[in-house]
Amino acid sequence: MSQHLNDTICALATPPGVGGLAVIRCAGRLAFELCDRDFNSRVRLADAADHTIHYGWWEHDGVRVDSVTCSVFRAPHSYTGDDVIEIGCHGGPHVTAQIIRSLLDNGARLAEPGEFTKRAFLNRKLDLTQVEAVADLIHAQSRMGAQTAARQLAGGFTRRLAALRQHLLDVCGLLELELDFSEEDVEFVDRTALLAALTDGNAIADQLAASAASAEILRSGFYVAVVGYPNAGKSSLFNALLDRERAIVSDIAGTTRDYLEESIFLEGYTVRLYDTAGLRSSDDTIEMQGVRLTTSLVEQSNLILVVNDASLGKHHSDALVSSLQDIAGTRPIVIVHNKSDLLEDPAAFSEKGSVAVSTIRGTGLESLRQALLEYARSSSEGVSDVLINGRQASILRDVSASCSSARAGILEGRSMDYVAVDVRAAIRYLGDISGETWSPDVLDTIFSRFCIGK
Ligand SMILES: Nc1nc2c(ncn2[C@@H]2O[C@H](COP(=O)(O)OP(=O)(O)O)[C@@H](O)[C@H]2O)c(=O)[nH]1
Ligand SMILES: [Mg+2]
């Protein structure tokens with residue numbers, strides 16, 4: 001990203017298109033001056049008090065563009081930390097385009113994706129975990145994900161990291177104290193207390209890292225692959241859960257050749273359903289590709305629904321289930337006995353880990369939805385005030401490894417300066433999470449998730 005902190009930048013902050021209102025942000029050294037050129041009002045923005053809002057007309061080159069409000073945020077009391085004007089105008093694409101055009105004419109530059117938030121970070125308004133929380137808050141695919149991101153934005157994770165860091169700094173202090181007196185050949189510091197402190201650090205880092213998988217469900221949804229033999233009723237089940245005819249249902253085996261993805265919302269959770277090609281060995285190459293796709297979908301899912309044509313027997317899909325178990329690993333597999341309308345005794349098919357349904361009659365679907373919700377809930381347990389992401393989890397594992405290595409050093413009776421190297425490394429890693437230390441490519445990766453105007 002080519003960026004100059006001195007530039008004055010602008011962008012549409014609300015989604016493009018038609019809306020009641022739209023907001024355009026303008027931030028930087030010349031924000032007030034550039035807006036004043038076109039903002040016709042009783043008040044000059046450059047003279048306006050901080051956190052005030054003013055009504056007037058936006059006029060550019062003698063043309064009245066729109067009646068607008070301008071909100072004034074003076075540095076450092078703004079989102080980015082520099083002077084910011086937020087222009088509230090009517091939400092028409094031509095209105096917003098003209099206002100942005102006039103700001104560019106006046107000397108502003110179009111902001112890059114995430115540039116406002118990047119400035120907030122560089123101006124120390126937000127640390128990296130809060131920056132990541134902003135992205136998570138915008139993109140969250142569950143109510144709990146959004147709530148957790150909001151807590152993280154409020155500094156929940158920042159405080160936890162600071163506590164862990166302080167904990168390790170205390171350990172470091174003890175080690176250094178002993179180093180200062182290393183000539184005297186006495187053990188000042190209680191080894192048991194040191195070990196306990198390191199075990200704590202270890203456990204906190206591990207626990208946070210382990211919550212990454214749960215966080216991912218809250219962040220992007222609970223992925224469910226619908227698989228089964230051809231004609232079992234996968235597409236019918238997919239449609240029934242969606243409550244609309246999305247997939248083609250047919251009695252010709254092999255109709256669904258690639259896969260379809262749609263989302264349903266269950267009590268604040270987004271469940272992403274994948275309808276897949278039937279699994280069976282086939283000489284038809286196109287269908288074979290579908291089968292390969294299905295295998296990779298199964299690998300990426302949080303749960304697998306195996307649709308069994310119950311009219312062919314309770315155990316008709318057993319071979320498939322056992323081969324799926326190899327791919328699925330620890331992911332739960334739920335067997336859906338479909339076509340229960342053709343059964344004499346459907347109750348015999350309902351047992352733990354399976355649900356009997358008839359997509360034609362609509363029976364059993366509510367139990368299935370309930371089961372999916374329960375799985376989504378239990379798979380996202382253990383997340384409280386942070387949505388750990390891949391970047392943070394991998395650094396936390398480094399923190400944990402450094403703590404373990406320090407512990408091992410103490411147990412092996414190594415010298416304290418040897419042990420201190422590990423503890424300092426752990427402290428440095430924590431700085432990578434919060435962004436105290438950062439590299440341009442880490443920032444680029446993080447901001448690539450942002451949209452323009454954020
Ligand atoms: N009797 C009965 N037939 C069903 C049921 N669900 C699906 N079918 C039929 O099974 C056939 C295959 O359905 P489809 O959803 O295309 O299966 P897929 O190949 O697994 O996607 C179609 O003829 C459906 O009408 C059901 O609950 N009861
Ligand atoms: Mg199908």
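Rules used in this analysis
- Residues numbered from 1 in each chain as written.
- Chains lettered and ligands numbered in written order.
- Predicted model: local features only at pLDDT ≥ 70, side-chain atom pairs only at ≥ 80, totals over all residues.
- Heavy atoms only, no water.
- Domains from an automatic or database assignment.
- Contact = heavy atoms within 4.5 Å.
- Buried area = accessible area lost by both parts, 1.4 Å probe.
- Salt bridge = Lys/Arg side-chain N within 4 Å of Asp/Glu carboxyl O.
- Polar contact = N/O pair within 3.5 Å; in protein donor to acceptor, adjacent residues only side chain to side chain.
- Nonpolar A, V, L, I, M, F, W, Y, C, P; charged D, E, K, R; others polar.
- Near = heavy atom within 4 Å.
- Areas by Shrake-Rupley, 256 points an atom, 1.4 Å probe, with all protein chains shown as cover.
- Core = buried A, V, L, I, M, F, W, Y, C linked by side-chain atoms within 4.5 Å.
- Buried < 20%, exposed > 50% of the residue type's maximum accessible area, 1.4 Å probe, protein only.
- Helix = DSSP H or I, 4+ residues; strand = E, 2+ residues; numbered from the N terminus.

Draft legend 1. Region of interest: the domain arrangement of the protein chain. The domains assigned to the protein chain are domain 1 (9–127), domain 2 (131–211 + 387–435) and domain 3 (218–379). Relative to domain 2, the C-alpha centre of domain 1 lies at a distance of 41 Å. Listed as interface residues are five residues of domain 1 and, on the opposing side, six residues of domain 2. Both sides together, the interface formed by domain 1 and domain 2 hides about 510 Å², and carbon and sulfur atoms give 60% of it. Summed over the shared surface of domain 1 and domain 2, the result is zero salt bridges. Between the two partners, domain 1 and domain 2, sit two residue pairs in polar contact (both at pLDDT 80 or more). Broken down by class, the residue content of the side of domain 1 that touches domain 2 amounts to three nonpolar, one polar and one charged.

Draft legend 2. Geometry of the site of ligand 1. Lining the immediate surroundings of ligand 1 are 16 residues, of which Asn231, Lys234, Ser236, Asp341 and Thr359 lie closest. The backbone of asparagine 231 places a nitrogen or oxygen atom 2.9 Å from an oxygen atom of ligand 1. Separating an oxygen atom of ligand 1 from a backbone N or O atom of serine 235 is a distance of 2.9 Å. Taken by itself ligand 1 offers 580 Å² of open surface, and the protein chains cover 86% of this.

Draft legend 3. Here's a closer look at the nonpolar core. Val224, Leu237, Leu273 and Leu305 are the most contacted members of the largest nonpolar core, which has 34 residues in total. Counting residues per element, the ones that place at least two in this core are helix H8 (212–220), strand E8 (222–228), helix H9 (234–242), strand E9 (260–266), strand E10 (269–275), strand E11 (303–309), strand E12 (333–338) and helix H12 (365–379). With sequence-adjacent residues up to four places away left out, leucine 237 is seen in contact with Val226, Leu305, Val307, Val336, Val357, Thr359, Leu365 and Leu368. Formed by 33 residues, the second largest nonpolar core is a distinct cluster that contains Leu168, Leu175, Leu208 and Ile395.

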